[in-house]
Amino acid sequence: RSSLRTVLFSLRKQFECSDGDSFLGSDRSHVWIVREHAVTDYAAFVRTFKAAEALQDIEVQFEANKEAVALVQGTLLAGHEELWATPHQIAFEEMYSQCIVDLIGTYSENRRFEEAAAIGKVALTLSPYREDIHVALIRSLNKSGRSTEAIRQFEVLERLLDEQWGESPSIEAV
């Protein structure tokens, strides 16, 4: 108990909040993280994504989506195969993909094709099986006059889907 008290004291000092509150809560038999004081990149991403989704101004929404995507460090809970993680991973991937597709679309509409291609390719390293990201990237490449590259990207999508699930791309993708 003495060692535990010493470690808790040290942790509280290390993780002290700016308002003087403690990051950790405890009683005689439990130690926990005080949720209100815990800040994660995932929580910040979700907050920024939801704020962007509620915006009406396309340009402000675009900036909020860029901010949300900049918070992403990688796939959520990478390496965790536990059942409790799966719904969170799926929800994150859906939100992330929506941000990316919106960004690629906005970049393309503004004829910023290099930025559209760059963000699409980075996103596909995190979510390689997301058809919606592939389709947005293919459309952007085609719109920019890079039809050969667009066809190659479609072939990548086709191969990935076939190898992973034995499926073909959707009619929309074709």
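Look above for the structure.
Report follows, based on the coordinates.

Rules behind the numbers
- Numbering of residues starts from 1 in every chain and runs along the sequence as written.
- pLDDT decides what is reported in this predicted model: residues at 70 or higher carry local features, side-chain atom pairs at 80 or more are listed and counted, and totals for whole chains, interfaces and linings draw on all residues regardless.
- To obtain the side-chain values, all non-hydrogen atoms of the structure were included, while hydrogens and water were left out.
- Note on terminology: a nonpolar core comprises buried Ala, Val, Leu, Ile, Met, Phe, Trp, Tyr and Cys residues joined through side-chain atoms within 4.5 Å.
- Three labels apply to residues, based on accessible area from a 1.4 Å probe with only protein chains included: buried if under 20% of the type maximum, exposed if over 50%, partly exposed otherwise in between.
- Numbering goes from the N terminus for both helices and strands, where a helix is a DSSP run of H or I of at least four residues and a strand is a run of E of at least two.
- Residue contacts are counted whenever heavy atoms from the two residues lie within 4.5 Å of one another.
- Between N-to-C directions, angles cover 0 to 180 degrees, with each direction set by a line fitted to C-alpha atoms, over the stretch in contact for helices.
- For classification purposes, angles smaller than 35 degrees are called roughly parallel, those larger than 145 roughly antiparallel, those between 65 and 115 roughly perpendicular, and all remaining angles oblique.
- Handedness of a helix crossing follows the sense of rotation of the near helix relative to the far helix, less than a right angle counterclockwise being left-handed and clockwise being right-handed.
- Only Asp, Glu, Lys and Arg are considered charged, only Ala, Val, Leu, Ile, Met, Phe, Trp, Tyr, Cys and Pro nonpolar, and every remaining residue, Gly among them, polar.

1. Regarding the nonpolar core
Now for step 1: In terms of nonpolar packing, the biggest core is built from 32 residues, with Phe45, Val69, Tyr96, Ile100 and Ile119 touching the most fellow members.
Now for step 2: Elements supplying a minimum of two residues to this core: helix H2 (41–54), helix H3 (58–70), helix H4 (86–109), helix H5 (113–126), helix H6 (131–143) and helix H7 (147–165).
Now for step 3: The leading source of residues in this core is H4, at 8 residues.
Now for step 4: In this structure Ile100 touches Val69, Ile119, Ala123 and Ile133, once residues within four positions along its chain are discounted.

2. Comments concerning the environment of Gln89
Now for step 1: Looking at the secondary structure, you find Gln89 in helix H4.
Now for step 2: Through-space distance from the C-alpha of Gln89 to that of Ser22 is 29 Å; in sequence the pair is 67 residues apart.

3. Thoughts on the packing of H6 against H7
Now for step 1: At their nearest, the axes of H6 and H7 sit 7 Å apart, and the two run at 165 degrees to each other. In this view, H6 runs roughly antiparallel relative to H7, as classed from their interaxial angle. The way H6 lies across H7 gives a crossing that is left-handed. Residue-level contacts link Glu131, His134, Leu137, Ile138, Leu141 and Asn142 of H6 to Ser147, Glu149, Ala150, Gln153, Phe154, Val156, Leu157, Leu160 and Leu161 of H7.
Now for step 2: Counted by class, the contact of H6 with H7 contains 9 nonpolar, 4 polar and 2 charged residues.

4. A look at the side chain of Gln153
Now for step 1: Within the fold, Gln153 resides in helix H7.
Now for step 2: Sequence-distant contacts of Gln153, defined by excluding residues within four places in its chain, comprise Leu124, His134, Leu137, Ile138 and Leu141.

5. A few points about unusual backbone geometry
Now for step 1: In this structure, Leu77 takes a positive phi of about 50 degrees despite not being glycine.
Now for step 2: Locating Leu77 in the fold gives a position in the loop between H3 and H4.
Now for step 3: For Leu77, a relative accessible area of 27% corresponds to the partly exposed category.
Now for step 4: For Arg111, which is not a glycine, the phi torsion comes out positive at approximately 60 degrees.
Now for step 5: Given the relative accessible area of 60%, Arg111 is considered exposed.

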